[in-house]
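Examining the three-dimensional arrangement
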Amino acid sequence: MFCNQCEQTAKGQGCTVKGVCGKTDEVSAIQDLLIYVLIELGTAATAAREEGVVVSNEINRLTAEGVFSTLTNVNFDEERFVPVIKNVVAARDALAAKVSADCGSFITITGTAAELSKQGESFSVTSFDENEDLRSLKQIFVYGLKGVAAYADHAAILGQEDEALYTFIHEALASVPKSLSMEELVGLAMKCGEMNLKAMELLDAGNTGAYGHPVPTEVPLGAKAGKAILVSGHDLKDLRQLLEQTEGTGINIYTHGEMLPCHGYPELKKFDHFYGHYGTAWQNQAKEFAAFPGAILMTTNCIQKPVESYKGNIFTTGLVGWPGVTHVTNGDFSAVIAKAKELPGFAADTDKGTVLCGFARNAVLGVADKVIEGVKSGAIKHFFLVGGCDGAKPGRNYYTEFVEQAPNDTVILTLACGKFRFFDKKLGDIGGIPRLLDIGQCNDAYSAIQIAVALAGAFECGVNELPLSMILSWYEQKAVSILLTLLHLGIKDIRLGPSLPAFVTPNVLNFLVENFNIMPISTPEEDLKAILG
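Structural notes, computed from the coordinates. Please read these numbers as outputs of a predicted model, since none were measured by experiment.

Thresholds applied
- Residues numbered from 1 in each chain as written.
- Predicted model: local features only at pLDDT ≥ 70, side-chain atom pairs only at ≥ 80, totals over all residues.
- Heavy atoms only, no water.
- Helix = DSSP H or I, 4+ residues; strand = E, 2+ residues; numbered from the N terminus.
- Buried < 20%, exposed > 50% of the residue type's maximum accessible area, 1.4 Å probe, protein only.
- Salt bridge = Lys/Arg side-chain N within 4 Å of Asp/Glu carboxyl O.
- Pairing = 2+ DSSP bridges.
- Arc of directions from axis to C-beta.
- Contact = heavy atoms within 4.5 Å.
- Axes fitted to C-alpha atoms, helices over the stretch in contact; angles between N-to-C directions.
- Parallel < 35°, antiparallel > 145°, perpendicular 65-115°, else oblique.
- Left-handed = near helix turned anticlockwise from the far one by under 90°.
- Nonpolar A, V, L, I, M, F, W, Y, C, P; charged D, E, K, R; others polar.

Comments concerning unusual backbone geometry
The amide bond that connects Gly-497 to the next residue, Pro-498, takes the cis arrangement and shows omega of 0°. The residue Pro-498 is located in the loop between β15 (495-497) and α18 (506-516) in this model. Positive phi, close to 110°, is recorded for Cys-302, a residue that is not glycine. Among the residues examined, Cys-302 registers a relative accessible area of 12% and is labelled buried. One non-glycine residue, Glu-460, lies in positive phi territory at about 55°. On the secondary structure map, Glu-460 appears in the loop between α16 (445-458) and β14 (468-473). Judged by relative accessible area, Glu-460 falls into the exposed class, the value being 75%.

Next up, the structure:
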């Protein structure tokens, strides 16, 4: 295998024996094969659209789901990939039969998961270009495309879709094998950022349309005596269905990781048994899940290899998979509920304090006059957006120390699981405005962008002229797509860490520095001094 798509890749270069994430050589190969047949499907779909042939929504959804399932920490169960690959091949062949254009020579797919894995050893996105800089740029937009597909799938689950998104995903896939210039590849990367903004906008509309706009909410970090279910991942619809199915059962529902912001949504927080937040970020699952006395539900991405002590208590849904872990479908969580009833639950109430969430764009812009006045009066000197993906690789204490050292006249905006490096810090407030504002999940980068745009409009300047600095951490491909969105919007001076992507060559990095002044993080002291003078 060879995989370098995440920040924790072995020795900062690429996993070649087994993924640091837990991905086996066999799973890596079958994922590479899936991407290859999706590239062929993208070629056929693009040709079909050019000839006026309708590409069905079923094929659109299949494509987005297929691409998303190869993102880090989603599906580790090679058996689950077999029907997906066969469905992609069937869709590919059906579309190709309807067009007159030559779609090239398609590979033949037959066999078991083991046979498909063996076949997949011949395919890799990293093999299409001999020139390392062109290969680097191609990887940037392919990995960004995985993030776009993830957000498009999240949005589609909530009924929010746009044909332009699917058209781009197919066209981008079709472009992977082509010999493209640096200018063309940069254009694809920027287009990827543009389409990711559209996907996040659709997802925002889906979440707020179904569950209301988040409001500032105090969330307990302790426990309530009684049976319990822990929900991790990102999916609000799964959480809502679980809340409905557990109402009146005496089971309390807790969030983990990126599900923390769910407590701020009016249509979710109205359930009395939706109690609090347990644990921190995804990479601490082995310790935190082992200590949780109830059932655990993993939605969307972020699963780690389950420890044997809780493997029988954890369930997956949606695209998530791990061999030997029970998978539940169609929003039927009866198996999860039954397991929660079997397990002891929490023996007593515990008080571990609270945290605030729910500061999405509606909440922040609702007090925009106070924020603007705070800046004009000098009470607020600077805003820092400190967020992104968390991980286990050394160097991430930087983000904790940065927030701790940020002056008292600055405001920290945060989102995604990177917040768990400092989410429970008591930073006080400035004129009633909390210094730590939790905007939400990684996909709520859309909210952060809208806040920045609104502030720029109020101060009659560009976003780059605001007293705002972005200090970002990355781990997987959703973070790549969000970074491309920021670059598409012309955002400059981003500090990125804890280490730069292994798939970015020195020449490509130089391009990003020259055009966007992207820079690696250094130390909190040095970076604060450089930003604030």
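Notes on the pattern of salt bridges
Within the structure shown, the criterion is met by 21 salt bridges. We note a salt bridge from Glu-7 to Arg-396, for which the minimum N-O separation is 3.0 Å. Of this pair, Glu-7 sits in the segment before α1 (25-50) while Arg-396 is found in the loop between β9 (382-388) and α15 (397-405), placing the two residues 389 residues apart along the sequence. By the burial criterion, Glu-7 is buried, and Arg-396 matches it.

Structural notes on the pairing of strand β6 (residues 314-317)
Here β6 shows a buried face lined by Ile-314 and Thr-316 and a second buried face lined by Phe-315 and Thr-317. Two strands pair when backbone bridges link them, and strand β5 (residues 295-298) and β6 are joined in this way by three bridges, in the parallel orientation. Residue Met-298 lies in a different strand from β6, and its bridge partner there is Thr-316. Sheet analysis places β6 next to strand β7 (residues 326-328), joined by three bridges and oriented parallel. By the bridge assignment, Phe-315 is partnered in β7 with Thr-326.

Some points on helix α4 (residues 113-120)
Along α4, the residues that are buried comprise Ala-113, Leu-116, Ser-117 and Gly-120. Projected down its long axis, α4 carries its buried residues within an arc of 105°, all on one side. Those residues of α4 that are exposed and aimed more than 90 degrees away from the buried face are Ala-114 and Lys-118. Where α4 is buried, its residues touch α1 and α3 (78-96).

Re the environment of Lys-118
One can find Lys-118 in helix α4. Along the backbone, Lys-118 and Ile-30 are 88 residues apart, and their C-alpha atoms lie at a distance of 7.8 Å.

Section: the packing of helix α2 (residues 57-68) against α3
Two elements in contact, α2 and α3, have axes whose closest approach is 11 Å; the angle formed by their N-to-C orientations is 140°. Between α2 and α3, the crossing angle belongs to the class labelled oblique. Handedness of the crossing formed by α2 with α3: left-handed. Here Ile-59, Leu-62 and Gly-66 of α2 come into contact with α3, specifically with Val-84, Asn-87, Val-88, Ala-91 and Leu-95. Here the contact of α2 with α3 is built from residues that sort into six nonpolar, two polar and no charged.

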